[in-house]
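# Secondary and tertiary structure notes
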Amino acid sequence: MSATMTIENADGPIGAAITGVDVAGALDDQAFARIEQALNERAVIVIRDQVLSSAQLATFSRRFGKLQVNVRAEANSDESPEVFWVSNVVKDGKPLGSHDAGRYWHSDLCYLEKPSKATLLNAVEVPEKDGETFGDTVFAGAAAAYDALSDGMKNRLDGLKAANGYRYMWNKKAHEFGKRPVLSEEELEKYPPDALHPIVRTHPDTGRKCLFVCYGYTHAVIGMDKTESDALLAELFDHIADPAFLYRHKWRVGDLLIWDNCAVQHKATFDYDTSLRRVMQRCTVEGSVPY
Ligand code: OGA
Ligand code: MN
């Protein structure tokens, strides 16, 4: 099988497409090592043509490490609780999964002490109309973004930490999109408290420095007054979305997209009519404490 595997890099610093692999089949260690290497080099990779059950997705994802069970239990798969549905579909009067995942630039589960190392997102149904597909996912290279900072900014960020909040994200989305209820302070307490992470973290495998603040969750620089903190974060959010660091993924059914949450941030595009179905299944792999 590994003899037929081909890897094609996208333009720009991140992104690659892999064909000739069946992740639900007998993928030997050597072939898996090539996939891991491509992920380290390109930060986001797509393996084409993977039609998977939730159990198959979870089994393959486990080769990358321990799977996380999402705190939003109602969006988890009944078949495999480590599989999380990202979808706009309503099934038996209930949302199948998260209807507003990825609205803002973010890194998955960065609100935890141990954020996700990798995410595997598999396209079951892709919105399509008149031969065109919608609902692309956009990625920003966090290492290239760090490298492009001025020396002055690199020095300023050295040693700084920021707060990353699930609760902060929850009500921001609730107010802006109305797809989830606005929760009181008390209700929010069932979700994780803020995680404090370095603004610049070192990638545990590649050693590269990566910018680790995101618009969706990062809301305060520790030890800085609010005006200065807001201004610094706004400048960094703007910087990371520079087109020079981006890869835009156009989905096909069967795509298995895998990304490294230290090396990229990502954002969904909600550019399609809600009558068009979009169904994705996802696993996240636990990473280490950022340093
Ligand atoms: C995710 C996510 C974006 C998308 O599943 O983690 O951010 O385009 N999804 O569905
Ligand atoms: Mn995400």
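Residues numbered from 1 in each chain as written. Chains lettered and ligands numbered in written order. Predicted model: local features only at pLDDT ≥ 70, side-chain atom pairs only at ≥ 80, totals over all residues. Heavy atoms only, no water.

A positive phi angle, near 70 degrees, is found at Ala 43, a position not held by glycine. Within the secondary structure layout, Ala 43 lies in the loop between helix H1 (29–42) and strand E3 (44–47). The backbone of Asp 49 shows a phi angle near 65 degrees, a positive value even though the residue is not glycine. Among the secondary structure elements, Asp 49 is positioned in the loop between E3 and helix H2 (54–61). (Helix = DSSP H or I, 4+ residues; strand = E, 2+ residues; numbered from the N terminus.)

The subject of this paragraph is the domain arrangement of the protein. According to the domain assignment, the protein contains domain 1 (6–140 + 246–264 + 271–286) and domain 2 (141–240). Placing a centre on the C-alpha atoms of domain 1 and another on those of domain 2 gives a separation of 22 Å. Contact with domain 1, which involves 28 residues of that partner, is made by 31 residues of domain 2. For the pair domain 1 and domain 2, the summed buried area comes to about 2500 Å², and 65% of that belongs to carbon and sulfur atoms. By the criterion of area lost to domain 2, the three top residues of domain 1 are Tyr 104, Tyr 111 and Cys 262, representing 32% of everything that side buries. Between the two partners, domain 1 and domain 2, sit one salt bridge. For Asp 100, the salt bridge identified is with Arg 180, shortest N-O distance 2.7 Å. Between the two partners, domain 1 and domain 2, sit ten residue pairs in polar contact (both at pLDDT 80 or more). (Domains from an automatic or database assignment. Contact = heavy atoms within 4.5 Å. Buried area = accessible area lost by both parts, 1.4 Å probe. Salt bridge = Lys/Arg side-chain N within 4 Å of Asp/Glu carboxyl O. Polar contact = N/O pair within 3.5 Å; in protein donor to acceptor, adjacent residues only side chain to side chain.)

Ranked by size, the top nonpolar core spans 27 residues in total, and within it Leu 157, Ile 199, Leu 211, Val 213, Leu 232 and Leu 236 carry the most contacts. At the level of secondary structure, the elements contributing two or more residues to this core comprise strand E10 (137–141), helix H3 (142–147), helix H4 (151–157), strand E14 (209–211) and helix H7 (226–240). Residues from two domains meet in this core; each of domain 1 (6–140 + 246–264 + 271–286) and domain 2 (141–240) gives at least three. In this structure, Ala 16, Val 23, Leu 52 and Leu 57 belong to the second largest nonpolar core, which totals 26 residues. (Core = buried A, V, L, I, M, F, W, Y, C linked by side-chain atoms within 4.5 Å. Buried < 20%, exposed > 50% of the residue type's maximum accessible area, 1.4 Å probe, protein only.)

So, about H7. The first and last C-alpha atoms of H7 sit 21 Å apart over 15 residues, in line with the 21 Å expected at 1.5 Å per residue. Among the residues of H7, those classed as buried are Ser 229, Leu 232, Leu 233, Leu 236, Phe 237 and Ile 240. For H7, the buried positions fall inside an angular range of 135 degrees around the axis, keeping them on one side. Facing away from the buried surface of H7 by more than 90 degrees, the exposed residues are Thr 227 and Asp 238. Of the residues flanking the start of H7, the one acting as N-cap is Asp 225, its side-chain oxygen 3.1 Å from the backbone nitrogen of Thr 227. (Expected span 1.5 Å × (residues − 1). Arc of directions from axis to C-beta.)

Right, let's get into the sheet that holds strand E11 (residues 161–164). Across the sheet, which stays open at both edges, the three strands sit in the order E12-E11-E15 with antiparallel pairing between neighbours. The open sheet has two edge strands with one neighbour each: strand E12 (195–198) and strand E15 (218–221). Put simply, the sheet's adjacent strands are angled 35 degrees from each other on average, direction ignored. Of the pairings in the sheet, the one linking E11 to E12 comprises four bridges and is antiparallel in character. The residue bridging Ala 162 from the neighbouring strand is His 197, located in E12. (Pairing = 2+ DSSP bridges. Axes fitted to C-alpha atoms, helices over the stretch in contact; angles between N-to-C directions.)

Here we take up the sheet that holds strand E19 (residues 279–286). Reading across from one edge, E1-E2-E3-E17-E7-E19-E4 is the order of the seven strands in this open sheet, with mixed pairing throughout. Across the chains shown, the open sheet's two edge strands, defined by having one partner strand only, are strand E1 (6–9) and strand E4 (84–87). Ignoring strand direction, the axes of neighbouring strands in this sheet form an average angle of 20 degrees. Where E3 and strand E17 (residues 256–260) come together, four bridges link them in antiparallel fashion. By the bridge assignment, Ile 45 is partnered in E17 with Ile 258. Seen against the sheet, H2 touches E4, strand E7 (116–125), E17 and E19 and runs at an angle of roughly 25 degrees to E19.

Right, let's talk about helix H5 (residues 166–177) for a bit. For H5, built from twelve residues, the straight-helix expectation of 16 Å at 1.5 Å per residue is met to within 8% by its first-to-last C-alpha distance of 16 Å. Buried positions along H5 lie against E11 and helix H6 (185–188). Just past H5, the residue Gly 178 takes up positive phi, approximately 65 degrees.

Turning next to the site of ligand 1. The immediate surroundings of ligand 1 are formed by Val 86, Gly 102, His 106, Asp 108, Leu 121, Thr 137, Trp 259, His 266, Ala 268, Arg 278 and Arg 282. Between ligand 1 and His 106 there is a distance of 3.1 Å, counted from an oxygen atom to a side-chain nitrogen or oxygen. Note that an oxygen atom of ligand 1 is positioned 3.0 Å from one of the side-chain N or O atoms of His 266. Taken by itself ligand 1 offers 290 Å² of open surface, and the protein chains cover 99% of this. Class assignment for the residues of the shell around ligand 1 results in four nonpolar, four polar and three charged. (Near = heavy atom within 4 Å. Areas by Shrake-Rupley, 256 points an atom, 1.4 Å probe, with all protein chains shown as cover. Nonpolar A, V, L, I, M, F, W, Y, C, P; charged D, E, K, R; others polar.)

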